[in-house]
Amino acid sequence: MSPSTMTGRQKAAILLVSLGADASAAVFQHLRQDEIDELTLEIAGIGHIAPDRKTAIVEEFYETAVAQEYISEGGLEYARQVLDKALGTERANEVMNRLSSSIQVSPFEFLRRTDPSQIINVIANEHPQTVALILAYLPSDTAAQVVSALPDELQAEVAMRIALMDRTAPEVIREIERVLERKLSSVINQDFTSAGGLRSLVDLLNQVDRTTERTIIETLEEQNPELADEVRRMMFLFEDIVMLDDRNIQQVLREVDTKELAMALKGTPAEVQDAIFRNMSERAALNIKEDLEFMGPVRVKDVEDAQQKVVAVIRRLEEDGTIVIVRGGEDQLVA
């Protein structure tokens with residue numbers, strides 16, 4: 001098997017064997033237990049290593065380490081120029097291509113594999129803006145668990161900062177990662193990265209429990225009413241009606257004007273229309289289907305306005321407890 005066809009774990013195992021027991025032990029001190037276990041199993045199954053393969057892997061590691069250092073110092077183009085002079089164009093291109101996947105690793109990638117309770121302990125004393133930046137890069141379900149555990153006054157503060165966040169310079173991200181580097185090494189990413197924004201906040205709120213959501217929304221309404229309105233509009237899309245059970249959909253339909261409903265269904269996916277029609281009488285469903293057929297072209301804005309009216313009904317019914325929208329972190333209903 002040539003180095004080009006080997007996995008990163010196989011190469012790492014051969015590199016550690018090549019370094020010797022003392023150096024390998026020193027490396028292990030900087031790894032997580034699961035990484036140590038995986039590499040130990042890989043080393044145990046290596047067998048004989050041809051000298052030329054060992055040399056090729058050590059050289060590849062050295063070139064990669066040098067390239068990463070150049071990238072950290074001056075960016076991708078600087079690293080390419082230095083490697084081009086040192087190794088030649090062809091070899092420099094090979095090294096940079098090999099690094100391309102790791103360069104694009106998302107910031108705070110190591111936290112994606114960390115238990116939310118541990119993340120909470122790590123960020124407990126950080127500034128709200130730092131917490132917001134970290135949460136914006138995490139999966140929404142993980143971020144939801146973390147924000148739910150924050151103090152009430154900090155939840156809304158972090159939520160607002162996520163919503164208003166735009167672009168963050170890579171050096172700022174790297175500095176924060178270095179603070180959290182007690183768990184894993186920092187991630188190299190020279191491109192400006194976008195995170196946060198309304199969509200990020202809405203995804204997070206759709207995952208938290210109802211109490212946390214209410215606390216954040218109410219505080220946003222006090223501090224930034226316009227932002228709170230935008231968040232409310234985005235939290236439940238018309239197409240999300242398929243997530244409601246039949247009984248809840250039937251309750252919503254009792255409150256919605258038939259003409260508005262027909263307009264709202266214009267151009268929607270089949271599964272959305274099916275969810276509506278199966279919860280209506282055959283006659284009512286037929287009437288709306290006929291309205292859709294003879295409606296002809298309509299303005300997108302008119303459709304969106306009609307859908308928003310239906311969503312407003314859904315939100316109102318949820319607020320007064322008539323229907324239930326199950327979110328992440330909440331218990332499932334028992335019949």
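Residues numbered from 1 in each chain as written. Predicted model: local features only at pLDDT ≥ 70, side-chain atom pairs only at ≥ 80, totals over all residues. Heavy atoms only, no water.

**Quick notes on the overall build of the chain**
Applied cut-off: Each helix is a run of DSSP H or I of at least 4 residues and each strand a run of E of at least 2, with the numbering of both proceeding from the N terminus. Only protein chains enter the accessibility calculation, which uses a 1.4 Å probe; a residue whose area is less than 20% of its type maximum is buried, one above 50% is exposed, and one in between is partly exposed. Residue contacts are defined here by distance: any two heavy atoms, one from each residue, within 4.5 Å place the two residues in contact. The Shrake-Rupley method, run with a 1.4 Å probe sphere, supplies the accessible areas, and residue values consider only the shown protein chains as cover.
The helix and strand tally for the chain stands at 19 helices and two strands. Classification of the 335 residues of the chain by burial places 40% in the buried group. Pairs at least 24 apart in sequence give 74% of the contacts found in the chain among residues at least 6 apart. When the accessible surface of the chain is summed, it comes to about 18,600 Å², and 50% of that surface belongs to carbon and sulfur atoms.

**Some thoughts on the packing of helix α1 (residues 8-19) against helix α3 (residues 33-44)**
Relative orientation and spacing of two packed helices are given, respectively, by the angle between their axes and the distance between those axes. Applicable threshold: For every element, the axis is a line fit to its C-alpha atoms; helices are fit only across the contacting stretch, and the angle between N-to-C directions ranges from 0 to 180 degrees. These descriptions rest on fixed angle ranges, namely under 35 degrees for roughly parallel, over 145 for roughly antiparallel, 65 to 115 for roughly perpendicular, and the rest for oblique. Ten residue types, Ala, Val, Leu, Ile, Met, Phe, Trp, Tyr, Cys and Pro, are classed as nonpolar, four, Asp, Glu, Lys and Arg, as charged, and the remainder, Gly among them, as polar.
Across the interface, α1 lies against α3 with an axial gap of 9 Å and an inter-helix angle of 75 degrees. The pairing of α1 with α3 is recorded here as roughly perpendicular in orientation. Packed against α1, whose contacting residues are Arg9, Gln10, Ala12, Ala13, Leu16 and Val17, the element α3 presents Glu38, Leu39, Glu42 and Ile43 at the interface. By residue class, the composition of the contact of α1 with α3 is six nonpolar, one polar and three charged.

**A word on the nonpolar core**
It is characteristic of soluble globular proteins that their nonpolar side chains tend to be buried jointly. Here is the rule: Here, nonpolar core means buried Ala, Val, Leu, Ile, Met, Phe, Trp, Tyr and Cys residues that are tied together by side-chain atoms lying within 4.5 Å of each other.
Core analysis: the largest hydrophobic core is formed by 40 residues, its most contacted members being Phe108, Leu135, Val158, Leu201, Leu205, Leu220 and Val231. Elements that contribute at least two residues to this core include exactly α7 (116-123), α8 (128-137), α9 (140-148), α10 (152-164), α11 (170-179), α12 (198-205), α13 (210-223) and α14 (225-235). Examining the composition of this core, we find that seven residues originate from one element, α8, more than from any other. If you look at the next biggest cluster of nonpolar residues, it comprises 28 residues, including Ala262, Ala264, Ala285 and Val311.

**Describing the packing of aromatic side chains**
The criterion, for reference: Two rings from Phe, Tyr or Trp (for Trp, the six-membered ring) form a pair when their centres are within 6.5 Å of each other. A pair whose planes differ by under 30 degrees is stacked, one over 60 is edge-to-face, and the rest are tilted. Either the NZ atom of lysine or the CZ atom of arginine qualifies as a charge over a ring when it sits within 6 Å of the ring centre and within 35 degrees of the ring normal.
By the definition in use, this model includes zero aromatic pairs. Lying over the aromatic face of Phe277, Lys289 brings its terminal NZ or CZ to 4.9 Å of the ring centre.

**Comments concerning the side chain of Gln273**
Filter applied, for reference: For the purposes of these results, a polar contact is taken to be a pair of N or O atoms within 3.5 Å, where, inside protein, one atom must be able to donate a hydrogen and its partner to accept one; residues adjacent in sequence count only when each atom of the pair is a side-chain atom.
Here Gln273 lies in helix α17 (residues 270-277). At 3.4 Å, the side chain of Gln273 forms a polar contact with the backbone oxygen of Thr268. Ignoring any residue separated from it by four or fewer positions in sequence, one finds Gln273 in contact with Leu265, Thr268 and Leu292.

**Here we look at the pattern of salt bridges**
Our working rule: We define a salt bridge as a side-chain nitrogen of Lys or Arg found within 4 Å of a carboxyl oxygen belonging to Asp or Glu.
Applying the stated rule across the entire model yields 12 salt bridges. A salt bridge links Lys11 to Glu60; the nearest nitrogen and oxygen atoms lie 2.8 Å apart. Of this pair, Lys11 sits in helix α1 while Glu60 sits in helix α4 (residues 51-74); the two residues are 49 residues apart in sequence, bridging distant segments of the chain. Each of Arg32, Asp34 and Glu35 takes part in one network of salt bridges that share partners.

**Topic: the side chain of Asn248**
Note that Asn248 resides in helix α15 (residues 246-255). Aside from chain neighbours lying at most four places away, what touches Asn248 is Thr322, Ile323 and Val324.

**Side note on helix α16 (residues 258-265)**
Formally: Directions drawn from the helix axis to the C-beta atoms are what define this arc.
Taken together, the buried positions of α16 are occupied by Leu261, Ala262, Ala264 and Leu265. Seen end-on, α16 carries its buried residues on one side only, within an arc spanning 165 degrees. Where α16 is buried, its residues contact α15, α17, α18 (282-295) and α19 (300-319). The N-cap residue of α16 is Asp257: its side-chain oxygen and the backbone nitrogen of Lys259 are 3.0 Å apart. Downstream of α16 by one or two residues, Gly267 has phi in the positive range, about 80 degrees.

**Some points on the confidence of the model for the chain**
Heads up, the condition is: Each residue gets a pLDDT score, which is the predictor's confidence in that residue and runs from 0 to 100.
Averaged over the chain, the pLDDT score is 78; the fraction of residues at 70 or greater is 83%. A low-confidence stretch, residues 183-193 stays under pLDDT 50, and its non-local contacts, those more than four residues away or across chains, total 45 contacts. Within the model, the stretch residues 328-335 combines pLDDT values under 50 with 11 contacts to residues more than four positions away or in other chains.

**Remarks on the environment of Asp257**
The residue Asp257 is located in the loop between α15 and α16 in this model. Classification of Asp257 as partly exposed rests on a relative accessible area of 44%. Separated by 53 residues in the primary sequence, Asp257 and Val310 place their C-alpha atoms 8.8 Å from one another. Separated by 3.0 Å, the side chain of Asp257 and the backbone nitrogen of Lys259 make a polar contact. Side-chain polar atoms of Asp257 contact the backbone nitrogen of Glu260, separated by 3.1 Å.

**Considering the environment of Arg9**
In this structure, Arg9 sits in helix α1. Since its relative accessible area comes to 41%, Arg9 is described here as partly exposed. For Arg9 and Glu38, which are 29 residues apart along the polypeptide, the C-alpha to C-alpha distance reads 8.1 Å. If near-sequence neighbours (up to four positions away) are discounted, Arg9 is found in contact with Glu38, Leu39 and Glu42.

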